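Structure assessment
Okay, here's what each chain looks like letter by letter:
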Amino acid sequence: MTALLRYTKPFWDVCVTLLLWLYYVPGWLALCPPFYLLAYFFSTNREPAFQRLNHLFHRGFFLLLRLITPGLTMRIQTEIRNLRGCVIMANHLSYLDPILMVSLFPKQKTVVKSDFFHYPVFGWLLKTSGYLPSTANGDFSDLMIGRVEAMPDYLAAGGNLFVFPEAHRSRDGRIGPFSKGVFTIARRCRAPIVVLSIDNTDRLFPPDRYLFNACIPNTVDVSIVARLAPDYDSDAFSISGLMTQVRTLMEKARERRP
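What counts and how
- Residues numbered from 1 in each chain as written.
- Predicted model: local features only at pLDDT ≥ 70, side-chain atom pairs only at ≥ 80, totals over all residues.
- Heavy atoms only, no water.
- Core = buried A, V, L, I, M, F, W, Y, C linked by side-chain atoms within 4.5 Å.
- Buried < 20%, exposed > 50% of the residue type's maximum accessible area, 1.4 Å probe, protein only.
- Helix = DSSP H or I, 4+ residues; strand = E, 2+ residues; numbered from the N terminus.
- Contact = heavy atoms within 4.5 Å.
- Polar contact = N/O pair within 3.5 Å; in protein donor to acceptor, adjacent residues only side chain to side chain.
- Pairing = 2+ DSSP bridges.
- Phe/Tyr/Trp six-rings, centres within 6.5 Å; stacked < 30°, edge-to-face > 60°.
- Lys NZ or Arg CZ within 6 Å of the ring centre and 35° of its normal.
- Patch = residues over 30% accessible without salt bridge, like charges linked within 9 Å, V, L, I, M, F, W, Y side chains within 5 Å.
- Areas by Shrake-Rupley, 256 points an atom, 1.4 Å probe, with all protein chains shown as cover.
- Salt bridge = Lys/Arg side-chain N within 4 Å of Asp/Glu carboxyl O.
- Lys, Arg positive; Asp, Glu negative; His and termini not counted.
- Charge placed at Lys NZ, Arg CZ, Asp CG, Glu CD.
- Axes fitted to C-alpha atoms, helices over the stretch in contact; angles between N-to-C directions.
- Parallel < 35°, antiparallel > 145°, perpendicular 65-115°, else oblique.
- Nonpolar A, V, L, I, M, F, W, Y, C, P; charged D, E, K, R; others polar.
- Arc of directions from axis to C-beta.

Right, let's talk about the nonpolar core for a bit. Among the nonpolar cores identified, the biggest contains 40 residues, and I80, L83, I88, M101, L196, F212 and V222 are the most heavily contacted of them. Residue contributions to this core peak at six residues, all from helix α4 (residues 96-104). Look past the residues within four positions of I88 in its chain and what remains in contact with it is L83, F105, N160, L161, F162, V163, V194 and L196. Formed by 29 residues, the second largest nonpolar core is a distinct cluster that contains L132, F183, A186 and I193.

Now the structure itself:
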């Protein structure tokens, strides 16, 4: 970091954060509703149309992020953008991780905190995009059942389900406890699994910090750790065994990072 950037870093942090929030909230409200409404009323299949719009909006977000953040490099393994028809599992370091995944895949579903489905406009957007609530209780029982039952056809048509098995962000970089639900969905769908490693999003937008961390040398890296084709019909298969396998792969990937 140059001396000038070091002294102006607090200013850059505030500016980068404000510009990104202006894009994300007022920018969305000013530019996106007409396209979503057109897709809602005139598209023959709303889910992929909404997912495509979500993808394009978040691609724009990360393009802006790269342009205005000194010292930032985004390194996405080429093969990742070509993934289709699989369950993608990744470690979770920052609030940026989910929207980064959305920016990578034109057809994408994920698991979202159930409370968000109650929010005006945002909840409608999540439901119409075909995303899954994090709980299957109460009002979300029928929604979750419908989403899971439709998932095999969705994956067969080239969509991806990306999930963070930890469910919550790691605050120290270590892999946290896994949720069993995402592995149960993968088994039900007989889906191949791709394990990803996400690095340094927590340096860019740390947990418990409201400002982006600009003006530091930082490379956000997303890479494939392994491609798995579990034999779901084998007598030796178990959900716990698959969870252990994925955890081991993620932990080894973290150990290899400087």
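Attention now goes to the side chain of K9. Mapping K9 onto the fold places it in helix α1 (residues 3-31). Among the polar contacts listed, one links the side chain of K9 to the backbone oxygen of A214, at a separation of 3.3 Å.

The subject of this paragraph is the pairing of strand β1 (residues 72-76). Of the two faces of β1, only one is covered, namely that formed by L72, M74 and I76; the face formed by T73 and R75 stays uncovered. Sheet analysis places β1 next to strand β7 (residues 218-228), joined by five bridges and oriented parallel. Opposite I76, over in β7, you have V222 as the bridge partner.

What follows is about the packing of aromatic side chains. Following the criterion strictly, the structure yields 19 aromatic pairs and no others. Ring geometry for W28 versus Y36: centroids 5.5 Å apart, planes at 40 degrees, classification tilted. Summarising the burial analysis for this pair, W28 and Y36 share the class buried. An aromatic cluster of three or more residues is present, and its members are W21, Y23, Y24, F57, F61 and F62. Between the NZ or CZ atom of R46 and the centre of the ring of Y40, over which it lies, the distance is 3.7 Å. We note K109 situated over the ring of Y154; from NZ or CZ to the ring centre the distance is 4.5 Å.

Right, let's talk about a positive patch on the surface for a bit. Among the surface-exposed residues, R52, R59, R66 and R81 lie close enough to one another that they form a single positively charged patch. With a relative accessible area of 37%, R81 lands in the partly exposed category.

Of all 11 residues in β7, eight are buried; the element is thus mostly enclosed. Both strand β6 (residues 193-199) and β7 contribute to a ladder of seven bridges, which runs antiparallel. Across the sheet, I193 pairs through a bridge with L228, a residue of β7.

Moving on, we get to unusual backbone geometry. At V121, a residue that is not glycine, the phi angle is positive and equals roughly 65 degrees. Position of V121 relative to the elements: it lies in the loop between β3 (108-112) and α5 (122-129). Despite not being glycine, D208 has its phi angle at roughly 65 degrees, a positive value. Counting through the fold element by element, D208 comes out in the loop between α8 (201-204) and β7.

One can describe the packing of helix α3 (residues 46-68) onto α5 by two numbers: an axis separation of 7 Å at closest approach and a directional angle of 120 degrees. Classed by the angle they form, the pair α3 and α5 counts as oblique. When α3 is examined against α5, the residues R46, E47, F50, Q51 and N54 are found in contact with a partner set consisting of W124, L125, T128 and S129. Residue classes in the contact of α3 with α5 are distributed as three nonpolar, four polar and two charged.

Inspection of the entire model under this criterion finds seven salt bridges. Between E251 and R247 there is a salt bridge, and its shortest N-O distance comes to 3.3 Å. Of this pair, E251 and R247 are both found in helix α9 (residues 239-256), four residues apart, which corresponds to roughly one turn of the helix. What emerges from the salt-bridge pattern is a single network uniting K9, D13 and R209.

Right, let's get into a nonpolar patch on the surface. Judged by side-chain polarity, L37, L38, F41, F42, V121 and W124 come together as a nonpolar surface patch covering roughly 650 Å² of accessible area. At four residues, helix α2 (residues 33-42) tops the list of elements feeding residues into the nonpolar patch. Looking at where F41 falls in the secondary structure, it is placed in helix α2.

Attention now goes to helix α7 (residues 181-189). Looking only at α7, the buried set comprises V182, F183, I185, A186 and C189. Across the axial projection of α7, the buried residues extend over an arc of 155 degrees, all falling on one side. Elements in contact with the buried residues of α7: β2 (87-90), β4 (132-133), α6 (141-156), β5 (160-163), β6 and α9. A positive backbone phi angle near 55 degrees is found at R190, which sits one or two residues after α7.

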